[in-house]
Amino acid sequence: MKQILITGGAGYIGSHTAVALVESGYTPIIIDDFSNSEKSALEGLKKILNLEVKTYIGDCSDHALVEKIFSENEISGVIHFAASKAVGESTQIPLKYYANNIGSLLVMLETMRKFDVKNIVFSSSCTVYGQPDELPVLESTPRKDAESPYGNTKKICEDILHDHVKSKSGAKIVSLRYFNPIGAHPSSEIGELPLGVPANLIPFVTQTAAGLREKLTVFGDDYNTKDGTCVRDYIHVLDLADAHVKSLEYLDNQEDNFIDTFNVGTGNGNTVLEVIQAFEKVSARKLKYELGPRRPGDIEKVWANTDKVNKVLGWNAKYSLEESLRDSWNWQKRLSNL
Ligand SMILES: NC(=O)c1ccc[n+]([C@@H]2O[C@H](COP(=O)([O-])OP(=O)(O)OC[C@H]3O[C@@H](n4cnc5c(N)ncnc54)[C@H](O)[C@@H]3O)[C@@H](O)[C@H]2O)c1
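On a predicted model such as this, the values are computed, not experimentally measured, just so you know.

A.B. asks: Any chance you could explain helix H9 (residues 272-283) here in plain terms?
C.D. replies: Since one α-helical turn is 3.6 residues long, residues separated by three or four positions face the same way. Helix length check: H9 (twelve residues) gives 16 Å between terminal C-alpha atoms against 16 Å at 1.5 Å per residue, within 8%. Val272, Glu274, Val275, Ile276, Ala278, Phe279, Glu280 and Ser283 are the residues of H9 that are buried. Those residues of H9 that are buried lie in contact with helix H7 (201-209), strand S8 (216-219), strand S10 (234-236), strand S12 (270-271), strand S13 (289-292) and helix H11 (321-335). Directly after H9, the chain includes Ala284, whose backbone phi takes a positive value near 55°.

A.B. asks: What's the story with the pairing of strand S3 (residues 54-57) in this structure? I'm lost.
C.D. replies: The side chains of a regular strand alternate between both faces of the sheet. Bridge count for strand S2 (residues 27-32) against S3 is four bridges, and the pairing is parallel. In the sheet register, Ile31 faces S3, and the bridge partner there is Tyr56. One crossover worth recording links S2 to the parallel S3 by way of helix H2 (residues 40-49), and it is right-handed.

A.B. asks: I'm lost on the site of the ligand in this one. Help?
C.D. replies: Close contacts around the ligand come from 27 residues, with Asp32, Asn36, Ser37, Lys85 and Tyr150 the closest. At 2.8 Å from an oxygen atom of the ligand is found a main-chain nitrogen or oxygen belonging to Ile13. One nitrogen or oxygen atom from the side chain of Asn100 is found 2.7 Å from a nitrogen atom belonging to the ligand. Taken by itself the ligand offers 820 Å² of open surface, and the protein chains cover 95% of this. Elements supplying a minimum of two residues to the shell around the ligand: helix H1 (12-23), strand S5 (119-125) and helix H6 (149-166). The element best represented in the shell around the ligand is S5, accounting for three residues. Among the residues making up the shell around the ligand, the classes are represented as eleven nonpolar, eleven polar and five charged.

A.B. asks: Is there a simple way to think about the nonpolar core in this case?
C.D. replies: Note that soluble globular proteins tend to have their nonpolar side chains buried in a common cluster. Core analysis: the largest hydrophobic core is formed by 35 residues, its most contacted members being Leu21, Leu45 and Leu176. Taken together, the elements giving at least two residues each to this core come down to strand S1 (3-7), H1, H2, strand S6 (172-178), helix H8 (237-252) and strand S11 (258-264). If one sorts the elements of this core by residue count, H8 sits on top with eight residues. Not counting residues within four places of it along the chain, the set of residues in contact with Leu45 comprises Ser15, Ala18, Val19, Ile30, Asn50, Leu51, Val53 and Ile190. Within the second largest apolar cluster, 28 residues are counted, among which are Ile75, Val78, Met112 and Leu161.

A.B. asks: How do you make sense of the state of the cysteines when you look at a structure like this?
C.D. replies: Within the structure shown, the criterion is met by zero disulfides. Sulfur of Cys157: no disulfide; nearest cysteine sulfur belongs to Cys60 and is 11 Å away. Take Cys230: it sits in no disulfide, and the sulfur closest to it among the cysteines is that of Cys126, at 12 Å. Classification of Cys230 as buried rests on a relative accessible area of 6%.

A.B. asks: Any chance you could explain the packing of aromatic side chains here in plain terms?
C.D. replies: Within a pair of aromatic rings, the relevant descriptors are the distance that separates the centres and the angle that separates the planes. Here the structure, examined in full by the defined rule, presents five aromatic pairs. Their ring planes at 70° and their centres at 5.7 Å tell us that Tyr250 and Phe258 sit as a pair that is edge-to-face. Residue class for Tyr250 comes out buried when judged on its relative accessible area of 14%. Ring plane angle 75° and centroid distance 5.6 Å describe the contact between Tyr250 and Phe262, whose orientation is recorded as edge-to-face. Residue Tyr250 is found in helix H8, and its partner Phe262 is found in strand S11; the two are separated by twelve residues along the sequence. For the pair formed by Tyr250 and Phe262, the shared burial category is buried. By the ring-pair criterion, three or more aromatic residues cluster together here, those being Tyr250, Phe258 and Phe262.

A.B. asks: What should I look at first to understand the UniProt feature "domain: NAD(P)-binding" (unreviewed entry) in the protein chain in this one?
C.D. replies: Following the UniProt record, the feature "domain: NAD(P)-binding" (unreviewed entry) maps to residues 5-327 here. Each end of residues 5-327 is marked by a C-alpha atom, and these two atoms are 27 Å apart; helix forms 39% of the span and strand 18%.

A.B. asks: Teacher, can you tell me more about unusual backbone geometry here?
C.D. replies: Leave glycine aside and you will find that most residues have negative phi; peptide bonds, for their part, are mostly trans. Here Leu135 and Pro136 are connected by a cis peptide whose omega angle stands at -5°. Unusually for a residue other than glycine, Phe34 sits at a positive phi of about 55°. For Phe34, the location among the structural elements is in the loop between S2 and H2. A residue is classified by how much of its surface remains accessible, and Phe34, at 15% relative accessible area, is buried. A positive phi angle, near 55°, is found at Ala284, a position not held by glycine. By secondary structure assignment, the location of Ala284 is in the loop between H9 and S13.

A.B. asks: Hey, could you run me through the pairing of S5 in this one?
C.D. replies: Most of S5 sits out of view: seven of its seven residues are buried. Across the two faces of S5 the burial is the same, with Asn119, Val121, Ser123 and Ser125 and Ile120, Phe122 and Ser124 all buried. Relative to S5, strand S4 (residues 75-80) runs parallel, the two being bridged by four bridges. Pairing of Gly77 across the sheet is with Asn119, part of S5.

Analysis parameters
- Residue numbers here run from 1 along each chain, matching the order of that chain's written sequence.
- Since the coordinates come from a predicted model, pLDDT governs what is reported: local features require at least 70, and pairs of side-chain atoms require 80 or more to be given and counted, while whole-chain, interface and lining totals use all residues.
- Excluded from the side-chain calculations are hydrogens and water; all other atoms, namely the structure's heavy atoms, are used.
- Numbering of helices and strands starts at the N terminus; helices are DSSP runs of H or I of at least 4 residues and strands are runs of E of at least 2.
- How far a helix is expected to stretch is found by multiplying one less than its residue total by 1.5 Å.
- Here the term buried applies to any residue with accessible area under 20% of the maximum for its type, exposed to any over 50%, and partly exposed to those in between, with areas from a 1.4 Å probe on protein chains only.
- Only heavy atoms enter the contact rule, under which two residues are in contact if any of them lie within 4.5 Å.
- When DSSP finds at least two bridges between two strands, those strands are taken to pair.
- Whether a crossover is right-handed depends on one test, that the path from the first strand over the helix to the second runs clockwise when the strands point away from the viewer.
- If a single non-hydrogen atom of a residue is within 4 Å of a molecule or strand, that residue counts as near it.
- Throughout this description, a polar contact denotes any pair of N or O atoms lying within 3.5 Å of each other; where both atoms belong to protein, one of them has to be capable of donating a hydrogen while the other can accept it, and for residues adjacent in sequence the pair is counted only when both atoms sit in side chains.
- Note on areas: Shrake-Rupley with a 1.4 Å probe; residue coverage comes only from the protein chains shown.
- Residues were grouped as follows: Ala, Val, Leu, Ile, Met, Phe, Trp, Tyr, Cys and Pro as nonpolar; Asp, Glu, Lys and Arg as charged; and all remaining residues, including Gly, as polar.
- Joining through side-chain atoms within 4.5 Å is the link that ties buried Ala, Val, Leu, Ile, Met, Phe, Trp, Tyr and Cys residues into a set, and such a set is a nonpolar core.
- By disulfide we mean two sulfur atoms from cysteines, separated by a distance within 2.5 Å.
- Two rings from Phe, Tyr or Trp (for Trp, the six-membered ring) form a pair when their centres are within 6.5 Å of each other. A pair whose planes differ by under 30 degrees is stacked, one over 60 is edge-to-face, and the rest are tilted.
- UniProt positions are given in the numbering used here, feature names are shortened, and annotations may be inferred rather than shown by experiment.

Set out below in structure tokens:
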């Protein structure tokens, strides 16, 4: 049973990936400082898996702690989720984002080298593309200047990973550029826990439907899209989790000093109004919403070309938008005791 260290494993994508790893015969080990998650995620994992995932509570930029984890376990690979991810906050306190997102990656890479652990899967984001000139966007599409310090940390981390491989460190790396993860585990034991007012569409939709928010504002209806609202590629978090397992298998078959990058999306774009309609259908509720002005920093449209991830990793998104929204809604109902 290969042990995989999941940094940020109590978080949204990390917790679902822990489930996928166990289901594929791996033993996940979590490190999380709970800066953006709650211990209830660990209880949820225990209920789903019927076992306790070994967890270290602390900061994965803490060199001594990370060395301790590597010396106490036989880690064979790392999935590095831990990062601060609030785009808006990153414009107000950029240094927190640079320190945490870059600092934690550096500590991880240094410790991995010291303990001769080569495989790492990194959480990147479609934000590195900005507004691409051509759609659907390919991995080879040039990255644009980042719109936020958060986005910039992802670009810088990608650059660090490339330089690390070029230096013949021996590392074997997959960088996954996630599109828009939504949904939750069908058991509703784990899911996304947005702190404060959600900046992402789906938690805002489900919180509005649950009565926690008065109404949803759709930011902009004059974009150059079929109904004027922004287009994104929404992917079920279970599909995303599975892409990490496939990435680890892929890395096992590579030589040292290897890096590859994959888009992880469905390959379909949906407008905000389409998402609202689909949500109303699966939840059988009318959503209160209004059309408002554009929000600064939002790009018009982005969705993935998934040919590479489909062919090379043998991975395909299985869940539809409706299934993803159903699981998001069930999770919200659980959170709100509905
Ligand atoms: N959710 C998205 O829309 C999205 C999209 C693209 C990329 N990503 C990236 O995917 C990764 C996971 O995202 P998520 O949505 O699961 O976020 P999340 O906030 O739910 O999970 C991140 C976890 O990392 C922990 N953490 C943060 N800094 C830490 C540190 N220094 N040490 C230990 N733990 C730390 C947090 O407590 C949290 O549990 C992040 O790197 C994020 O930038 C997310």
